[in-house]
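Here's the letter readout for the chains.
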Amino acid sequence: MWLAIDIGNTNIHIGIFENDVLYSSYSVKSEFPRLLQENLEKILNPATLAKPQAVVLSSVNPKIEVFVIDYIQKHLFVNPQFIGKDIPIPMPVLTDQPERVGVDRLLNALAAFERTKTWTIVVDAGTAITVDVINDNGAFLGGIIAPGMGISSKALHHYTALLPEIPINRPKKILGKNTEDAISSGIYWGTVGMVSRVISMLCDELGCQPAIIATGGDALLLAPEIPIITAVLPDLTLDGIGIAYKKRLTSNIRN
């Protein structure tokens, strides 16, 4: 048994792998990293599970990363391995600056292509929204990065005098009759329109119809309004960690 931990800007995702299979997963808010400790103490109870043989980390949040590493070393007695540092992502990156592409985007791309084996677009709807392209040879080509719905709500609140910050849900109507509904409608339908249009433009630019896969905390909220999305896979990043770790182990055995 081994652990995959994906440290994001908003959430920390934890996956428990038994050999190559993702046995279970759960998430905690990144702003409350001690919840990670409490949950790990429950799921790693010696009466139910042995200590993990390995812990593999993916992170885009250095501040929270420090806390997680400290806990793992002190309580799980293993040194975590990092995706991108200790474990390479086995995917060609055909961008201008490959070293600057977020590890989460590459892991999503790796896991998505492992499923499709063809041209693929991955929509990750989280703190930021990314729409990324993988070609039919399994290479990462690039994509777009836009503000997520939560960030948009925060920005309207912080950069205006009177607009409130609100949680974004699917509005019942497009026409907002009050400030809160108007904000919710603007952000939600604006995001749906942006993602739909970007996918359409990418398909035109690529000259093909890729498989469209969505992931991220807001994927289930957006996907029903974007019919071209063929699958919503909440654990895509954890799957990517699993694939990279497995290929690293296989490579070490061969060498």
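Look up a bit, the structure's there.
First, a word on what this report is: a plain description of the structure on this page. (Residues numbered from 1 in each chain as written. Predicted model: local features only at pLDDT ≥ 70, side-chain atom pairs only at ≥ 80, totals over all residues. Heavy atoms only, no water.)

### As for the nonpolar core
Point 1. Formed by 30 residues in total, the largest nonpolar core has its most connected members in W2, I83, I89 and I241.
Point 2. Contributing elements (two or more residues each) for this core: β1 (2–7), α3 (103–116) and α7 (236–254).
Point 3. For this core, the element with the most residues is α3, which contributes eight residues.
Point 4. In this structure I83 touches V56, L57, S58, I89, V103, L107, I241 and A244, once residues within four positions along its chain are discounted.
Point 5. One finds V198, C203, A214 and A219 within the second-largest nonpolar core, a separate group that totals 25 residues. (Core = buried A, V, L, I, M, F, W, Y, C linked by side-chain atoms within 4.5 Å. Buried < 20%, exposed > 50% of the residue type's maximum accessible area, 1.4 Å probe, protein only. Helix = DSSP H or I, 4+ residues; strand = E, 2+ residues; numbered from the N terminus. Contact = heavy atoms within 4.5 Å.)

### Some details on the sheet that holds strand β6 (residues 120–125)
Point 1. Pairing is mixed in the open sheet, where five strands are placed in the order β8-β7-β6-β9-β10. Edge positions in the open sheet fall to β8 (140–147) and β10 (231–232), since each of these has one partner strand only.
Point 2. Inspection of the sheet shows β6 paired to strand β7 (residues 128–134) by six bridges, in the antiparallel sense. Bridge assignment links T120 to a residue of β7, and that residue is I134. (Pairing = 2+ DSSP bridges.)

### A short note on the packing of helix α4 (residues 149–158) against helix α5 (residues 179–206)
Point 1. Relative to each other, α4 and α5 sit at 140°, their axes nearing to 10 Å. When you trace α4 past α5, the crossing you get is right-handed. Of the residues in α5, those touching α4 at M149, S152, S153 and L156 are I183, I187, Y188 and T191.
Point 2. Looking at side-chain class alone, the contact of α4 with α5 contains five nonpolar, three polar and no charged residues. (Axes fitted to C-alpha atoms, helices over the stretch in contact; angles between N-to-C directions. Left-handed = near helix turned anticlockwise from the far one by under 90°. Nonpolar A, V, L, I, M, F, W, Y, C, P; charged D, E, K, R; others polar.)

### Remarks on the sheet that holds strand β3 (residues 21–29)
Point 1. Strand order in the open sheet made by the five strands is β3-β2-β1-β4-β5, with mixed pairing throughout. The sheet is open, and its two borders are formed by β3 and β5 (81–82), each paired with just one other strand.
Point 2. In this sheet, β3 lies alongside strand β2 (residues 11–18) in antiparallel orientation, the contact comprising eight bridges. Residue pairing across strands places I16 opposite S24, the latter belonging to β3.
Point 3. Along the sheet, helix α2 (residues 62–76) makes contact with β1, β2, β4 (55–59) and β5, crossing β4 at roughly 170°.

### Considering the packing of aromatic side chains
A ring pair, where both rings are aromatic, is described by two values, the distance of the centres and the angle of the planes.
Point 1. All told, the structure shown has three aromatic pairs when counted by the stated rule.
Point 2. Consider the rings of W2 and Y245, whose centres lie 4.4 Å apart with planes at 50°: the pair is tilted. With W2 in strand β1 and Y245 in helix α7, the pair connects residues that are 243 residues apart, well separated along the chain. Pair check on accessibility: W2 and Y245 agree, each one buried.
Point 3. Pairing Y188 with W189 gives two aromatic rings, centres 4.9 Å apart and planes at 85°, and the pair type is edge-to-face.
Point 4. Looking at W189, the relative accessible area reads 21%, which means it is partly exposed.
Point 5. An aromatic cluster of at least three residues, connected via ring pairs, comprises W2, F17 and Y245.
Point 6. The ring centre of F82 lies 5.1 Å from the NZ or CZ of K85, which sits over that ring. (Phe/Tyr/Trp six-rings, centres within 6.5 Å; stacked < 30°, edge-to-face > 60°. Lys NZ or Arg CZ within 6 Å of the ring centre and 35° of its normal.)

### A short note on the pattern of salt bridges
Point 1. Taken as a whole, this structure holds seven salt bridges when the rule is applied.
Point 2. Put simply, K117 and E114 hold a salt bridge, and the shortest N to O gap is 3.7 Å.
Point 3. Residue R115 is joined to D239 by a salt bridge in which the shortest nitrogen-to-oxygen separation is 3.7 Å. Of this pair, R115 sits in helix α3 while D239 sits in helix α7, placing them 124 residues apart in sequence. (Salt bridge = Lys/Arg side-chain N within 4 Å of Asp/Glu carboxyl O.)

### A closer look at the pairing of β4
Point 1. Taken across its five residues, β4 has five buried, putting it largely inside the fold.
Point 2. Across the two faces of β4 the burial is the same, with V55, L57 and S59 and V56 and S58 all buried.
Point 3. Here five bridges tie β1 to β4, and the two strands are oriented parallel to one another. Counted as the bridge partner of L3 is V55 from β4.
Point 4. The sheet contact formed by β4 and β5 spans two bridges and is parallel. Among the inter-strand pairings, L57 is bridged to a residue of β5, identified as F82.

Coordinates in, geometry out; function isn't part of it.
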